[in-house]
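Survey of secondary and tertiary structure
What follows is each chain in one-letter form.
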Amino acid sequence: MRLGVLDIGSNSAQLQVVDVRAGAPPLPAHCVKEPTLLGEAIDADGSIDEAGVERAVRAVKDAVAAAYHHGVDQLYTFVTSAIRDATNREEIIDEIQRVVGIRPQYLSGQQEARLTYVAAHRWYGWSAGRLLLLDIGGGSMEIALGRDAEPELALSLPVGAGRLTRAFLHHDPPRPGQLKALRRHVHDTLAEVVDRLRWESVPQRVVATSKTFKQLARLAGAPPQREGPFVRRTLHVGDVREWIPRLAKLSAKQRGRLRGVSQPRARQTLAGAVVAHSAMSALGVEQVRICPWALREGIMLQHLATMADAEVALPLQPLVRLPEAAGATVTPLHGDSV
């Protein structure tokens, strides 16, 4: 079947269309991105203004039209923290439903962390061992830790790149005092969970998802996206540390001219770098691997899991107790004759 996942975020509404079948990875078919720019539309009371709501509705309408055009059989539509945390969240979702005819769901930060972990774990496989996941979005940062298919720990912190830019970096470029206050806030917020993460033992692999980490890796010299998902991409904490003062001296317009930095995200790139560096430093992480799969893929994999559960590929025979020695009688567990 053809599955679509529509993620309505702070910068854009992104539709990922894949062909799926049980037992196979989701194969990308189409990708559509429509601007929302909700980070620029949040009022002092935490609501999204009328222009932002109109952009979000228009973006969803165009993305849903694209889903129909590309023959999507099933569409999952959800909002992330920008709309989820807005004080007029229900009004926005009601308006999307009225105009477009679908009602987006919203995931909690913990659910986002879990599903993103599921995607990263599936990408790297069991050989990854104990895996730590870091994901910096527009409104929040998700952290997950585990060894198995499901994380042992999944957290969400309100230190997204867009949220912090609005709260601390009021000038463009920002003033030194604003950057200092931002660093202190991120440090204090991370301190609440660092001890817990360290207590859970050292991970064997640290991976990062989200556009923020991908942009930072590109700035540090990682291969561009056009080279495909199987190219190894890494980001070293030292590279992030070196880029922070350079980004701080540039205006958003100037940052938008850097390799890998899109103009809509240019203003929040600095705050994202501060969060990335603070998290990696606090957790003692020297380097992260950039994972091409994230939240949308996690939702797809969750759907594939439900498909697999509904099918029985091999009829199961009653369990039997194996003979302990040659010539012993095989005794069925249920007492039936063999």
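All values reported here derive from a predicted model rather than from experimental measurement.

Definitions and limits used
Residues numbered from 1 in each chain as written. Predicted model: local features only at pLDDT ≥ 70, side-chain atom pairs only at ≥ 80, totals over all residues. Heavy atoms only, no water. Helix = DSSP H or I, 4+ residues; strand = E, 2+ residues; numbered from the N terminus. Buried < 20%, exposed > 50% of the residue type's maximum accessible area, 1.4 Å probe, protein only. Contact = heavy atoms within 4.5 Å. Areas by Shrake-Rupley, 256 points an atom, 1.4 Å probe, with all protein chains shown as cover. Lys, Arg positive; Asp, Glu negative; His and termini not counted. Charge placed at Lys NZ, Arg CZ, Asp CG, Glu CD. Pairing = 2+ DSSP bridges. Axes fitted to C-alpha atoms, helices over the stretch in contact; angles between N-to-C directions. Core = buried A, V, L, I, M, F, W, Y, C linked by side-chain atoms within 4.5 Å. Parallel < 35°, antiparallel > 145°, perpendicular 65-115°, else oblique. Left-handed = near helix turned anticlockwise from the far one by under 90°. Nonpolar A, V, L, I, M, F, W, Y, C, P; charged D, E, K, R; others polar. Salt bridge = Lys/Arg side-chain N within 4 Å of Asp/Glu carboxyl O.

Overview of the overall build of the chain
- Scanning the chain from N- to C-terminus turns up eleven helices and 13 strands.
- In terms of overall dimensions, the chain has a C-alpha envelope of 85 × 50 × 40 Å along the principal axes.
- Taking all 338 residues of the chain together, 50% fall into the buried category.
- Restricting to contacts in the chain with at least 6 residues of sequence separation, those with at least 24 account for 65%.
- A total accessible area of about 17,000 Å² is found for the chain, and carbon and sulfur atoms account for 51% of it.
- Averaging the positions of the 41 positive and the 36 negative side-chain charges in the chain gives two centres separated by 9 Å.

A look at the sheet that holds strand β7 (residues 141-146)
- If you walk across this open sheet you meet the six strands as β8-β7-β6-β9-β11-β10, and the pairing is mixed. Unpaired on one side and paired on the other, β8 (153-157) and β10 (234-236) mark the two borders of the sheet. The sheet shows a mean angle of 25 degrees between the axes of neighbouring strands, direction not considered.
- Across two bridges, the pairing between strand β9 (residues 205-209) and strand β11 (residues 287-290) is parallel. If you follow Ala208 over to β11, its bridge partner there is Ile290.
- Packing of helix α7 (residues 210-219) onto the sheet brings it into contact with β6 (131-136), β9, β10 and β11, and relative to β6 it is tilted by some 95 degrees.

Let's talk about the nonpolar core
- In this structure, Leu132, Leu134, Met141, Leu182, Phe213 and Val288 are the most contacted members of the largest nonpolar core, which totals 48 residues.
- The leading source of residues in this core is helix α10 (residues 269-282), at eight residues.
- Counting residues in hydrophobic clusters, the runner-up holds 26 residues, among them Ile8, Leu38, Ala59 and Val60.

Considerations on the packing of helix α5 (residues 161-168) against α10
- Packing of α5 against α10 brings their axes to within 8 Å, and their N-to-C directions diverge by 110 degrees. One way to sum up the angle between α5 and α10 is to call them roughly perpendicular. Both α5 and α10 take part in a crossing whose hand is right-handed. Residues Ala161, Leu164 and Thr165 of α5 touch α10, and the partners they reach there are Ala271, Gly272 and Val275.
- Among the residues making up the contact of α5 with α10, the classes are represented as four nonpolar, two polar and no charged.

With respect to the pattern of salt bridges
- All told, the structure shown has 14 salt bridges when counted by the stated rule.
- As a salt-bridge pair, Arg103 and Asp94 come within 2.7 Å of each other at their nearest N and O atoms.
- Each of Arg84, Asp85, Glu112 and Arg163 takes part in salt bridges that share partners, so that together they form one network.

Some words on the sheet that holds strand β3 (residues 27-35)
- One open sheet accounts for five strands, arranged β3-β2-β1-β4-β5; its pairing is mixed. The two strands at the open ends of the sheet, each matched to only one other strand, are β3 and β5 (105-106).
- Relative to β3, strand β2 (residues 12-19) is paired through eight bridges, and the arrangement is antiparallel. By the bridge assignment, Gln16 is partnered in β3 with Cys31.

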